[in-house]
Amino acid sequence: MASELNTGIKAVHIVGEQLINAIGNSHQIRFKGTVNMVSEMDIWSEKKIKEVLRVEFPEYGFLGEEGEIITGEDSCQWIVDPIDGTTNYVHGYPLFAISIALEKDYEIVMGVVYNPLLDELFHAEKGKGAFLNGKPINVSDTNELRKSLLASGFPYDAWTNPKNNSSEWQRLLRKTISLRSDGVASLDLCHVAAGRLDGYWELNLEPWDMAAGSLIVKEAGGMVSSISGDPFSIYQRNILAANNGIYRALLVELNET
Ligand code: LIP
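Residues numbered from 1 in each chain as written. Predicted model: local features only at pLDDT ≥ 70, side-chain atom pairs only at ≥ 80, totals over all residues. Heavy atoms only, no water.

## Considerations on the packing of aromatic side chains
Two aromatic rings are characterised by how far apart their centres lie and by the angle between their planes.
Now for step 1: Counted by the stated rule, this structure contains 5 aromatic pairs.
Now for step 2: The interplanar angle of 25° and the centroid separation of 5.0 Å between the aromatic rings of F57 and Y60 together place this pair among those described as stacked. Judged on exposure class, the residue F57 and its partner Y60 are both buried.
Now for step 3: One aromatic cluster is present, built from ring pairs that chain together F57, Y60 and W78. (Phe/Tyr/Trp six-rings, centres within 6.5 Å; stacked < 30°, edge-to-face > 60°. Buried < 20%, exposed > 50% of the residue type's maximum accessible area, 1.4 Å probe, protein only.)

## Here's the deal with the site of the ligand
Now for step 1: Taken together, 14 residues surround the ligand, and among them D84, G85, Y156, A185 and E202 come closest.
Now for step 2: Residue V184 places a main-chain N or O atom 3.1 Å away from an oxygen atom belonging to the ligand.
Now for step 3: Take E202: an N or O atom from its side chain is 2.4 Å from an oxygen atom of the ligand.
Now for step 4: For the ligand, the protein covers 95% of the area, taking 380 Å² as the surface of the free molecule.
Now for step 5: Using a 2 Å cut-off from the grid points, one finds that the ligand occupies the largest pocket. (Near = heavy atom within 4 Å. Polar contact = N/O pair within 3.5 Å; in protein donor to acceptor, adjacent residues only side chain to side chain. Areas by Shrake-Rupley, 256 points an atom, 1.4 Å probe, with all protein chains shown as cover. 1 Å grid on protein atoms, 1.4 Å probe; cavity = no way out; pocket = protein on both sides within 12 Å on 5 of 7 lines; lining within 4 Å. Sits in = over half its atoms within 2 Å of the grid points.)

Note that every value here comes from positions in space, so none of it alone points to a role or purpose.
Right, here's the structure in full:
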């Protein structure tokens, strides 16, 4: 019998190949709001992932970024970002991912994040550790903010929302080695899990941006909470993820801006 993990991996590989083939093409774009782009490839990828997952697990629910929603007959639901980093993808900027998580009784129990251009597959199952291409990964051991490399991003309503992360960004720019904004939340989380980044925070995210990556960070030994330090939920729109050595210092800085 197929496992959820193997089915998730199969789905990201199938769509990943096609997404690579189409990355340089001109795309049919529409906007959700002022700057949030959707391409025909986001729609295609979500439909294809849903088809692959539901062949093996027809009773599970499905929550996808582009509107494919199925209420399942079971307590399990797939949570899918068919292209995380759509803005990068449609600009031909070579960094995007496919993210698939499995939620059971409102808890994320499995996550797969795939960067097809680098053929990097991150995965975790609850209680079983985190892996990159099958090898165990761990968060970094940096224990001072001033020695850390962090990432964050800017919300889609940054034009109009005064709480658009710019004050947090400016504050941390002066207290760290440097900051990165890659535009792919799921990969930012995986890079924390793999010790490539020491921490990451972001405001105004959606469940599919965080579901798989948050489990991968936890299983790699990292801390994950809301920005105010409350227990993490994929439904609360923001996230702070870091190694244990800098988590508290980063929490304090983010709550002093
Ligand atoms: C995007 C993220 C990006 C974040 C955006 C958005 P999309 O996902 O991964 O890093 O800054 O708010 O959520 O729309 O490309 O799937």
